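One-letter residues, chain by chain:
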Amino acid sequence: MILTLALLANVAVSSTPVYNVDSCEICIKVASYATEIIRLNKNETETKIEFTLDLLCSTLPHSIANDCMDDVSTYVPEVIESLVTTDVKTLCSNMNFCY
């Protein structure tokens, strides 16, 4: 679960490539693992991820907590869909972990 959250966080903030062999290999392993978990029970996994991220959002200052929760609602389903429909190497390249 935490590894999936790390991938989700990177999708939102990474615009600078971090290309190196280790980051690419780690991303592929994490994305493969996350993909398998999601494929086993997509709806339950998505709900758990959204719940966890909403909890994190609720710890932010009130002025941005609602925006954070809105972003979670918007982007988590897209990221999860990407994990199950996109080749992990492509996904990691799109997130600037691989060439």
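### A closer look at unusual backbone geometry
Comment: phi is negative for the bulk of residues other than glycine, and the bulk of peptide bonds are trans. The phi torsion at Asn 96 lies on the positive side, around 65°, for a residue other than glycine. Here Asn 96 lies in the segment after α5 (88-94).

### Details of helix α3 (residues 42-58)
Look at α3: 24 Å from first C-alpha to last across 17 residues, which is about the 24 Å you get at 1.5 Å a residue. Of all the positions in α3, only Thr 45, Glu 46, Ile 49, Leu 53 and Cys 57 are classed as buried. In an axial view of α3, the angular spread of the buried residues amounts to 110°, which keeps them on one side of the axis. Facing away from the buried side of α3 by over 90 degrees, the exposed positions are Asn 43, Thr 47 and Phe 51.

### Looking at the pattern of salt bridges
Across all of its chains, the model carries two salt bridges by this definition. One salt bridge in this structure joins Arg 39 and Glu 36, with 3.7 Å as the shortest N-O distance. Taken as a pair, Arg 39 and Glu 36 lie in helix α2 (residues 21-40) at a separation of three residues, close to a single helical turn. Lys 48 is the partner of Glu 44 in a salt bridge, and the nearest nitrogen-oxygen pair spans 2.9 Å. A residue pair is termed a helical-turn pair when its members lie 3 or 4 positions apart in one helix, as Glu 44 and Lys 48 do in helix α3 at four residues. For Glu 44, a relative accessible area of 40% puts it in the partly exposed group. Taking the relative accessible area as the measure of exposure, Lys 48 reaches 43% and is therefore partly exposed.

Conventions we followed
- Residues numbered from 1 in each chain as written.
- Predicted model: local features only at pLDDT ≥ 70, side-chain atom pairs only at ≥ 80, totals over all residues.
- Heavy atoms only, no water.
- Helix = DSSP H or I, 4+ residues; strand = E, 2+ residues; numbered from the N terminus.
- Expected span 1.5 Å × (residues − 1).
- Buried < 20%, exposed > 50% of the residue type's maximum accessible area, 1.4 Å probe, protein only.
- Arc of directions from axis to C-beta.
- Salt bridge = Lys/Arg side-chain N within 4 Å of Asp/Glu carboxyl O.

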